[in-house]
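Here's the letter readout for the chains.
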Amino acid sequence: ASASSCLSCSGTQVLTNGVCACPAQTYYDSTAKTCKTCGSGCDTCTSSGCTKCSSGLTLLSGETCGCPSGQYYSTASASCQTCSSSCATCSGAGSSNCLTCPGNQVLTNGACACATGMYLDSTTNQCVACDSTCSKCTGTSANQCTTCNGALVLQSNGQCACPSGKYKGTGNTCLACDTSCATCSGPATTNCLSCSGGRSLTNGACSCPSGSYFATSSSTCVSCYSTCSECIGAGADACSICKGSLN
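Since this is a predicted model, take the numbers as computed values, not measurements.

Draft legend 1. Representation of the state of the cysteines in the model. One pass over the structure, following the stated rule, counts 20 disulfides. The disulfide that involves Cys177 links it to Cys184, with 2.0 Å between the sulfurs. Residues Cys177 and Cys184 are joined by a disulfide whose S-S torsion is about -90°; by sign, that bridge is left-handed. A relative accessible area of 11% means that Cys177 is categorised as buried.

Draft legend 2. Just the nonpolar core, in detail. Grouped together as the largest cluster of nonpolar side chains are 10 residues: Tyr119, Cys130, Cys134, Cys137, Cys145, Cys148, Leu152, Cys160, Cys162 and Cys174. Of all the elements in the fold, those that place two or more residues in this core are strand E17 (134–137) and strand E18 (145–148). In this view, Leu152 contacts Thr133, Cys160, Ala161, Cys162, Lys168, Asn172 and Cys174; residues no more than four positions away in its chain are not counted.

Draft legend 3. Quick peek at the side chain of Asp29. Position of Asp29 relative to the elements: it lies in strand E3 (residues 26–29). For Asp29, a relative accessible area of 15% gives the class buried. Side-chain polar atoms of Asp29 contact the backbone nitrogen of Thr31, separated by 3.0 Å. Residue contacts for Asp29: discarding those within four places in its chain leaves Thr34 and Lys36.

Draft legend 4. Main features of the pattern of salt bridges. Within this structure, the stated rule accounts for 1 salt bridge. When the shortest N-O distance is used, the salt bridge between Lys36 and Asp29 registers 3.0 Å. Residue class for Lys36 comes out partly exposed when judged on its relative accessible area of 35%.

Draft legend 5. Local environment of the environment of Ser85. By secondary structure assignment, the location of Ser85 is in the loop between strand E10 (79–82) and strand E11 (89–90). On the basis of relative accessible area, Ser85 is assigned to the exposed category, the value being 73%. Taking the C-alpha atoms as reference points, Ser85 and Thr100, separated by 15 residues in sequence, lie 12 Å from one another.

Draft legend 6. Summary view of unusual backbone geometry. Of note in this structure, Ala78 is not a glycine but carries a positive phi near 50°. Among the secondary structure elements, Ala78 is positioned in the loop between strand E9 (71–74) and E10. For Ser219, which is not glycine, the phi torsion reads 55° and is therefore positive. Among the secondary structure elements, Ser219 is positioned in the loop between strand E27 (212–215) and strand E28 (220–223). Ser219 sits in the partly exposed class, given a relative accessible area of 41%.

Draft legend 7. Spotlight on the packing of aromatic side chains. Scanning all chains against the criterion turns up 0 aromatic pairs. It is Arg199 that lies over the ring of Phe214; its NZ or CZ is 3.5 Å from the centre.

Draft legend 8. Up close: the environment of Gln155. Structurally, Gln155 can be placed in the loop between strand E19 (153–154) and strand E20 (160–161). A sequence separation of 12 residues divides Gln155 from Asn143, and the C-alpha atoms of the two residues are 8.8 Å apart.

Draft legend 9. Representation of the environment of Thr189. Of note, Thr189 is situated in the loop between strand E23 (181–184) and strand E24 (192–195). Using a relative accessible area of 44% as the deciding quantity, one classes Thr189 as partly exposed. In the structure, Thr189 is positioned 16 residues away from Ala205 in sequence and 5.7 Å away in space, judged by C-alpha atoms. Those residues within four positions of Thr189 in sequence are excluded, and the remaining contacts are Asp178, Ser180, Gly204, Ala205 and Cys206.

Rules used in this analysis
- Residues numbered from 1 in each chain as written.
- Predicted model: local features only at pLDDT ≥ 70, side-chain atom pairs only at ≥ 80, totals over all residues.
- Heavy atoms only, no water.
- Disulfide = S-S within 2.5 Å.
- Buried < 20%, exposed > 50% of the residue type's maximum accessible area, 1.4 Å probe, protein only.
- Core = buried A, V, L, I, M, F, W, Y, C linked by side-chain atoms within 4.5 Å.
- Helix = DSSP H or I, 4+ residues; strand = E, 2+ residues; numbered from the N terminus.
- Contact = heavy atoms within 4.5 Å.
- Polar contact = N/O pair within 3.5 Å; in protein donor to acceptor, adjacent residues only side chain to side chain.
- Salt bridge = Lys/Arg side-chain N within 4 Å of Asp/Glu carboxyl O.
- Phe/Tyr/Trp six-rings, centres within 6.5 Å; stacked < 30°, edge-to-face > 60°.
- Lys NZ or Arg CZ within 6 Å of the ring centre and 35° of its normal.

Here it is as structure tokens:
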């Protein structure tokens, strides 16, 4: 008898006008003598794979159906749509549905971003290291920080620096200047960069002008007693050098 003269079918094949065939989106497995479901998104297939994809999908290598790399399948439009530019591959629209990331970006909760201490170079689409003082930045320069590492504080010029009265130590730590300094480059009295309390900077050291002394109570330079040319404190008995012929 011919194949078009069937009265009944084996397995789960369906009889139509004397012909036995598997339903749509299935294929006949001759070993198991039954119809088996095609792969996802496949309209017609054989035991080796898909031969025709559902509307909107593309037949990919390996005889599977799906969207090309960089696209996702939209059920609303029944077609492949382009992923967000921030994703290499994705499962849906928007920047929070990434599956893999472009370049050396890192995937976190579906979103692609550069690791801490790096920024995205729009020209190369690669993450590039910030200056060592920055935890986040917009470029490689020290004045392109947006947040700072360690104890450093973001300045109005985009640089990360220690607060006034401190200097940068190892590992982006901030250490106290000598009390005579407003700002400094190190801990010594000769490492001042600027002075506090009206003192003047000379060769890295801060001191009060001639004829005055530094009063800790007011943190300012105060004039010596009238008989003193130089002094170490208030009163006539605090002179270190006397005026004129006075002893």
